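Understanding the architecture of this molecule
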Amino acid sequence: MSGELAVIAGSSVAGAISAALLDRASKAKKPKPEKRTAGDAKAELASLTFEKGLAAEALTRVYEAAQDGKIDRLERDRLLVKYKNELDTLNERIALLKPVAEYADLTEMRSNLASLLENRISALDLKLAEISKAGNAPIVVEKVQVMPVPEKVRDDSDKKQFKAEEKSVEQLQKEIMQALTRLEQVEIDKD
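Bear in mind that the values here come from a model prediction, so they are computed numbers and not experimental data.

So, on to the overall build of the chain. Helix and strand counts for the chain stand at four helices and zero strands. Mapped from its N terminus to its C terminus, the chain presents α and β elements in the order α-α-α-α. Each of the 191 residues in the chain was classed as buried or not, and the buried ones make up 13%. Here the analysis covers contacts within the chain between residues at least 6 apart in sequence; of these, 82% occur between residues at least 24 apart. Accessible area for the chain stands at about 16,000 Å²; split by element, carbon and sulfur atoms hold 59% of it.

Set out below in structure tokens:
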């Protein structure tokens, strides 16, 4: 019986040493980032996230097995090191891929927003062309006598006009940002 315990203890120690050596070897050789397409990055990110969940579940089961007395302390430590290293590796790979996938999503949203704006402007242009061709356009042309405006008043009115245009540009920016936020929410809700 003591021989069996010695074999079990020796295997556990050998397993812990192997896990430590593999950990050092994996940290020494970090993979270089590869060029990926957006679709590949999203698919790999989903796969890595799934694997991360599995590794986390394995850690939980190791703790449960140790509490139930199904595995001894050495085996628990060996398995914890193994799954912790796997989890760290997965987190590193996810951190590398996440910006690539986010960039692809943002590029797609930008493209969709640009298309939406172009379509809307085209529709407005068509409607304006139809109205002017039909002769229903309320075009009022009056002769207005222009009186010279003092320079100080002209400068003040130019400043006011500039400020008004600036406010309308800011308002347009706010509306675009709100639309982008809603698009992001739709994308998040889809996930």
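Turning our eyes to something else, we now look at the pattern of salt bridges. Scanning all chains against the criterion turns up seven salt bridges. Put simply, E57 and R61 hold a salt bridge, and the shortest N to O gap is 3.2 Å. With E57 and R61 both in helix 2 (residues 38-67) and four residues apart, this pair spans about one turn of that helix. Among the residues examined, E57 registers a relative accessible area of 39% and is labelled partly exposed. Residue classification places R61 among the exposed positions, given a relative accessible area of 55%.

Core analysis: the biggest nonpolar cluster contains 15 residues, and L45, L48, L59, V62, Y83 and L97 have the highest contact counts within it. Per-element tally for this core: the top contributor is helix 3 (residues 73-134), with eight residues. If near-sequence neighbours (up to four positions away) are discounted, L48 is found in contact with L90, R93, I94 and L97.

Moving on, we get to the confidence of the model for the chain. Atom-level detail of predicted coordinates should not be read off regions where pLDDT is low. Scored by pLDDT, the chain comes out at a mean of 76, with 63% of its residues at no less than 70. Considering each helix and strand of the chain separately, the mean pLDDT is smallest for helix 1 (residues 2-28), with a value of 58, and largest for helix 2, with 91. Residue range residues 139-147 is modelled with pLDDT below 50. Its contacts to residues more than four positions away, or to other chains, number zero contacts.

On to the environment of D88. Locating D88 in the fold gives a position in helix 3. Through-space distance from the C-alpha of D88 to that of A55 is 9.9 Å; in sequence the pair is 33 residues apart.

Before going further, it helps to examine the environment of D40. Checked against the element boundaries, D40 lands in helix 2. Sequence separation between D40 and A101 is 61 residues, and the spatial gap between their C-alpha atoms is 8.8 Å.

With that out of the way, let us pick up helix 3. Here helix 3 spans 88 Å end to end across 62 residues, near enough to the 92 Å set by a 1.5 Å rise per residue. Along helix 3, the sharpest kink reaches roughly 30 degrees, centred on L97 and followed within four residues by the proline P99. Taken as a whole, helix 3 has its buried residues at L79, L80, Y83, N85, L87, L90, I94, L97, A101, A104, M109 and L113.

Rules used throughout
- Residues numbered from 1 in each chain as written.
- Predicted model: local features only at pLDDT ≥ 70, side-chain atom pairs only at ≥ 80, totals over all residues.
- Heavy atoms only, no water.
- Helix = DSSP H or I, 4+ residues; strand = E, 2+ residues; numbered from the N terminus.
- Buried < 20%, exposed > 50% of the residue type's maximum accessible area, 1.4 Å probe, protein only.
- Contact = heavy atoms within 4.5 Å.
- Areas by Shrake-Rupley, 256 points an atom, 1.4 Å probe, with all protein chains shown as cover.
- Salt bridge = Lys/Arg side-chain N within 4 Å of Asp/Glu carboxyl O.
- Core = buried A, V, L, I, M, F, W, Y, C linked by side-chain atoms within 4.5 Å.
- pLDDT = per-residue confidence, 0-100.
- Expected span 1.5 Å × (residues − 1).
- Bend = angle between axes of the 7 residues up to and from the residue.

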